[in-house]
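Close look at the chain arrangement
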Amino acid sequence: MPNIWEFKNYDQQIALEIQNKLGISALQARLLALRGVCNAEEADHFIHANLNRLTDPFSIEGIAAAVARIEQAADNQEKVIIYGDYDVDGICSVVILQECLQAIGCRVEYYVPDRFEEGYGLNQDAVVCLAQQGCKLLITVDCGISSVLETQLAVSLGMDVIITDHHTLPSVLPDALAIINPKNGAREVSVLCGAGVAFKLAAALLTGKNMEDKIREWLPLVALATVADMVPLLDENRILVKNGIQLMLTCQRIGIHALLKESGMSGKSLQAWQLGFVLGPRLNAAGRMGSARTSIELLLCQDPEKAQEKADQLGHMNNERRIVEESIFQEAVANIERESDLERSVLVVGGEGWHVGVIGIVASRLVAMYNRPAIVISWDGEVGKGSARSPEGFDLYMALDTVKGCLLGFGGHKMAAGLTLRKENLLLLQKGLADFTADIGYHWAVHKHFYIDMEMDEDAISLSTFEEIKMLEPFGEGNPVPVFALRAGAIQQTTRVGLNRAHLRLAVGHNNLPGIAFNWEETLDTQLNHCCQDILFTLDINDYRGKRNLQLKVKDMKPAFLPDDTVRTDYSHNQLLKGIKKATDEIMAQHPVVFVYPSYRSLGKHQPAMNWYFSPGKVLALHGHLSPEERIRGQKLLKQGSSMVYMVTRAFLRYYHRRAQLPANLRFLVQLWPGPSLAGDIVWPENIENVIIQQNNQFRFHVAGDNIITRGRVFMYANLPSTVERLHQCHQRARIESGITDMKVRRNLRREYWQNEEGLLISDGTHMVGWPGSHEFDELILADSPLGLYELAALVEAATDEEFEVGVAFNQDGLGTNQQFLNRLYPNLELVNQVWFRILNQKSREGINHLEDLMAALSGDLNISRLEVASVLHILADLNLCHFQKKGSIMAINRGSSGNYIESLDSSPYWLEGLAEMLILSDWEQRLTSGLGW
């Protein structure tokens with residue numbers, strides 16, 4: 001199924017300002033601008049993320065009152081209970097506040113509810129139990145913002161309650177002594193996770209107590225929780241995570257070092273994703289599979305041996321979690337597919353006795369698989385506990401708030417939530433969610449949507465580039481890993497690796513860049529050997545057995561001939577695109593494919609694009625401009641039916657067909673932009689699918705006049721160097737692709753062209769990869785006369801019946817230039833005989849062994865150009881009368897059966913192509929003169 005690729009927009013002026021003022025690379029400046037950085041000062045803060053940029057914790061509402069009450073509890077030795085959540089965020093929050101309160105002399109303990117018996121957040125039974133234990137001050141971390149009744153109960157039992165949380169504020173807040181939630185007006189820190197909020201409270205409690213080292217020791221815990229809880233890594237979070245990761249390997253936390261050792265990360269350079277996908281799941285495993293106390297005890301542990309024992313225990317729990325999770329995931333997918341739930345915008349699936357500890361992960365995997373919100377419910381008789389996850393762009397909390405009447409309870413934020421409901425209300429839940437999505441106009445996307453930072457050439461991919469990108473770490477929510485596009489990369493080598501051969505290792509391009517594509521469909525492997533691929537990737541270091549190598553982490557791949565967005569753009573009219581797709585299928589089936597062009601020039605105009613589409617060695621051009629030796633080698637491959645794309649001119653194919661049959665395994669042939677019909681054209685066998693790709697030939701010509709640039713985007717055709725130079729002098733900001741055969745350079749020029757609503761692009765009609773429809777530019781102007789109607793095919797691909805307006809900026813005299821050029825390129829029989837006669841009648845033919853020698857010998861009595869002489873020698877070589885190399889050497893002269901006079905040039909494919917070119921030019925000029933009334 002095709003995916004959608006879309007490039008992010010950025011302000012080029014801001015990027016340039018950042019680059020110049022900070023002295024950083026253009027790559028870094030562009031990536032910063034793409035991330036919403038508005039000026040050099042912000043960019044400097046983004047890159048360095050200094051701790052001195054952290055906001056004053058007392059600026060957060062509720063912290064001053066909380067600090068005063070906690071200090072009172074410490075002075076009076078009142079019993080304080082920290083009540084936390086059982087995930088990484090809650091665990092780290094508990095540890096931070098536990099250590100902080102102990103440091104200031106509090107009599108403190110912690111309590112984490114059992115996920116399976118008590119569920120998330122404050123519960124009344126626990127509140128009663130804690131009151132009976134003598135708790136006077138109850139502090140929640142990472143929970144409590146929705147616990148109105150539970151808070152009321154705690155207060156009635158003689159406890160003061162301080163709530164620290166970061167989840168979405170409900171309409172009614174608990175009546176607590178202090179509520180610390182950055183979403184309650186603290187804009188600078190509004191996206192802190194629970195541990196970030198706990199850290200702010202702890203920092204406030206230690207202000208002025210000379211405990212800066214203690215505060216810094218909590219940063220690795222904040223980093224772990226922030227990444228695991230998937231909050232945006234911007235502003236305050238960025239500072240906390242960047243510094244926390246830097247301290248993780250050198251901090252004094254024995255539990256962290258034990259966890260790094262168990263996970264194989266000890267001593268290695270850490271990235272944010274490893275906190276979320278390697279360390280986080282291990283800490284989470286305790287709360288999912290047993291009790292979260294195991295993780296808390298690990299992080300609080302001061303004994304290295306005991307810490308390692310607990311870390312190993314978490315590793316075993318995590319392995320067990322994976323097994324249980326996979327089983328439930330497979331069952332959930334089967335239920336969804338079987339019950340046709342795929343038509344719903346929000347997936348709801350449940351099972352009796354599903355492990356509550358893993359349903360959140362299953363919901364996340366369903367979101368990734370189906371690209372829509374998912375709710376996974378574990379039923380226990382008539383009551384179920386659910387975990388909900390959402391893709392970006394869908395507010396899950398808002399959706400659940402609209403159906404809260406059929407829920408026993410819920411809480412969370414935009415992308416993750418938990419809920420409880422009765423089974424009898426399941427249909428009400430589904431209907432309510434369907435109504436909500438209908439009301440807001442939401443519909444899940446069938447196709448994955450990838451956002452790309454920029455294109456990157458193969459030669460720019462290096463360790464130094466990777467180091468430049470690393471300066472923008474940590475990457476995560478809000479600051480995603482930069483995604484790059486490599487165009488038309490040839491896949492040199494592939495290897496299947498991993499469990500069940502699920503992953504694909506590959507080498508890309510002429511530098512054999514190593515890459516890895518995780519969970520790549522094996523059925524797609526064969527196309528990689530035939531088509532160049534557009535590759536979406538991030539840069540990463542593969543640290544395997546002590547060797548660090550740069551590699552591409554492939555996110556998506558597609559054949560280079562496919563546009564970035566085949567979903568939202570109508571390409572149904574593009575017969576060429578369909579033909580190339582069919583050609584790919586034929587080559588994969590080991591069949592040859594033939595593309596037939598009206599002339600050699602039209603073939604040449606399209607060959608750079610075809611070479612871009614297909615892997616090296618898969619495209620072979622056969623035409624009269626080849627030497628006889630090159631031609632014979634190519635004809636042999638075609639006759640054998642070798643699996644390749646053969647680009648041939650119509651004249652050459654007729655020449656070939658008189659001498660040999662088309663291969664028996666040829667099933668598909670494409671005729672592009674056929675010109676005037678020729679006598680004796682080939683009758684194709686019935687077993688060959690013959691596709692004719694027409695072009696728009698409904699043009700309305702008008703004289704463009706002197707002021708040829710009027711408005712918007714202008715596309716101008718110019719094939720003479722003198723014209724291109726003149727235009728460039730008149731329009732210094734014009735983008736010029738005339739004469740450029742490197743498709744990468746052309747793409748860059750086109751991309752710059754399309755980024756502006758006005759501008760001039762000067763082109764020579766070479767077919768361009770990914771040229772959008774003709775409606776995308778405002779004017780098409782011919783500064784020179786094309787050599788045939790086919791040259792407009794590169795400009796206007798759509799084969800429609802609508803007339804297309806074309807401005808003509810040359811006069812009638814300009815038509816003669818092309819005719820003169822073709823006459824020199826394809827000399828007539830008389831001139832060929834004149835040259836041949838002088839070659840034969842030289843007193844010392846041995847002295848003519850180079851083109852320049854022949855030019856000197858002919859200069860006395862023939863007014864002839866070097867191009868004409870070279871063309872005559874090519875024709876003579878076709879007729880087996882001489883052996884001529886392109887570098888100019890004349891290797892041999894063979895009088896053969898022709899004697900002193902050549903009767904006919906019909907056996908020269910070079911000359912035959914010249915006839916076709918002249919016929920096409922004549923047809924074009926008749927159309928043009930008729931349209932303009934010349």
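Everything in this summary refers to the structure shown in the same document. Keep in mind the model is a prediction, meaning the values are calculated, not measured.

Turning our attention to the overall build of the protein. A count of helical and extended segments in the protein gives 31 helices and 32 strands. Overall, the C-alpha framework of the protein stretches about 120 × 60 × 55 Å when taken along its three principal axes. Within the protein, counting contacts between residues at least 6 apart in sequence, those at least 24 apart form 70% of the total. Within the structure as shown, the protein displays about 40,900 Å² of accessible surface, and the carbon and sulfur contribution to it stands at 48%. Positive and negative side-chain charges in the protein, numbering 87 and 113 respectively, have mean positions lying 5 Å apart.

Spatially, the 5 strands line up as an open sheet ordered β21-β22-β20-β23-β24, and their pairing is parallel. Either end of the sheet is taken by a strand with one partner, and the two such strands are β21 (619-622) and β24 (689-693). Geometrically, the sheet is characterised by an average inter-axis angle of 20° between neighbouring strands, direction not taken into account. Inspection of the sheet shows β21 paired to strand β22 (residues 645-649) by 4 bridges, in the parallel sense. Counterpart to V619 in the pairing with β22 is V645.

Time to look at a negative patch on the surface. There is a patch of like negative charges on the surface, built from D303, E305, E309 and D312. With respect to the secondary-structure elements, D303 resides in the loop between α14 (293-300) and α15 (304-338). For D303, a relative accessible area of 33% translates into the label partly exposed.

With that settled, the discussion passes to empty space enclosed by the protein. Scanning the entire structure with this criterion turns up 3 cavities of 30 Å³ or more. Considering only enclosed or pocket space, the second largest cavity measures out at about 40 Å³ in volume. By residue class, the composition of the lining of the second largest cavity is 4 nonpolar, 4 polar and 2 charged.

For any pair of aromatic rings, the description consists of the separation of the ring centres together with the inter-plane angle of the planes. Overall, the coordinates contain 13 aromatic pairs when judged by the stated rule. Where F484 meets F537, the ring centres are 5.8 Å apart and the plane angle is 40°; that geometry is what we call tilted. In this pair, F484 is assigned in strand β14 (residues 484-489) and F537 in strand β18 (residues 533-544), connecting sequence segments 53 residues apart. The exposure classification of F484 matches that of F537, with both residues buried. On the numbers, 5.7 Å between centres and 80° between planes, the contact of F701 with W924 is edge-to-face.

Before going further, it helps to examine the side chain of T437. Here T437 is to be found in helix α18 (residues 426-440). Leave out the neighbours within four places in its chain, and T437 touches S345, V346, F394 and Y442.

In this section: the environment of A126. Tracing the sequence through the fold places A126 in helix α6 (residues 124-132). Judged by relative accessible area, which is 3%, A126 ranks as buried. Linking A126 and L407, residues 281 residues apart in sequence, is a C-alpha distance of 22 Å. With residues near it in sequence (within four places) discarded, A126 still touches Y83, Y111 and E118.

Where helix α5 (residues 88-103) meets helix α8 (residues 194-206), the axes come as close as 8 Å, and the angle between the chain directions of the two elements is 10°. With respect to each other, α5 and α8 are oriented roughly parallel. Residue-level contacts link D89, C92, S93, I96, L97, C100 and L101 of α5 to G194, A195, A198, F199, L201, A202, L205 and L206 of α8. The residue inventory of the contact of α5 with α8, partitioned by class, reads 12 nonpolar, 2 polar and 1 charged.

Now for the nonpolar core. Core analysis: the biggest nonpolar cluster contains 110 residues, and F595, M610, F614, L653, V835, L873 and L876 have the highest contact counts within it. The leading source of residues in this core is helix α31 (residues 909-932), at 9 residues. Discounting chain neighbours no more than four positions away, the residues touching M610 are I580, F595, Y597, V619, V645 and M647. Within the second largest apolar cluster, 82 residues are counted, among which are A66, A202, L233 and A258.

Glancing now at the pairing of β18. By the criterion of burial, β18 is predominantly enclosed, with 9 of the 12 residues buried. Sheet analysis places β14 next to β18, joined by 4 bridges and oriented antiparallel. Among the inter-strand pairings, F484 is bridged to a residue of β18, identified as F537. Bridge count between β18 and strand β19 (residues 547-559): 12 bridges; the pairing is antiparallel. Across the sheet, residue F537 finds its bridge partner in β19, namely V554.

A word on the environment of C135. With respect to the helices and strands, the residue C135 is situated in the loop between α6 and β4 (137-141). Setting aside residues up to four positions removed in sequence, C135 forms contacts with K79, I81, L130 and M159.

Okay, the pairing of strand β3 (residues 107-111) next. Of the two faces of β3, only the one carrying V108 and Y110 is buried; R107, E109 and Y111 on the other face are not. Sheet topology places strand β2 (residues 79-83) next to β3; 5 bridges connect them, and they run parallel. Of the residues in β3, the one forming a bridge with I81 is E109. A crossover links β2 with its parallel partner β3, the connecting element being α5, and its sense is right-handed.

What counts, and where the lines are drawn
Residues numbered from 1 in each chain as written. Predicted model: local features only at pLDDT ≥ 70, side-chain atom pairs only at ≥ 80, totals over all residues. Heavy atoms only, no water. Helix = DSSP H or I, 4+ residues; strand = E, 2+ residues; numbered from the N terminus. Contact = heavy atoms within 4.5 Å. Areas by Shrake-Rupley, 256 points an atom, 1.4 Å probe, with all protein chains shown as cover. Lys, Arg positive; Asp, Glu negative; His and termini not counted. Charge placed at Lys NZ, Arg CZ, Asp CG, Glu CD. Pairing = 2+ DSSP bridges. Axes fitted to C-alpha atoms, helices over the stretch in contact; angles between N-to-C directions. Patch = residues over 30% accessible without salt bridge, like charges linked within 9 Å, V, L, I, M, F, W, Y side chains within 5 Å. Salt bridge = Lys/Arg side-chain N within 4 Å of Asp/Glu carboxyl O. Buried < 20%, exposed > 50% of the residue type's maximum accessible area, 1.4 Å probe, protein only. 1 Å grid on protein atoms, 1.4 Å probe; cavity = no way out; pocket = protein on both sides within 12 Å on 5 of 7 lines; lining within 4 Å. Points joined across faces, edges and corners; volume = space filled by probe spheres on them. Nonpolar A, V, L, I, M, F, W, Y, C, P; charged D, E, K, R; others polar. Phe/Tyr/Trp six-rings, centres within 6.5 Å; stacked < 30°, edge-to-face > 60°. Parallel < 35°, antiparallel > 145°, perpendicular 65-115°, else oblique. Core = buried A, V, L, I, M, F, W, Y, C linked by side-chain atoms within 4.5 Å. Right-handed = clockwise from strand over helix to strand, strands pointing away.

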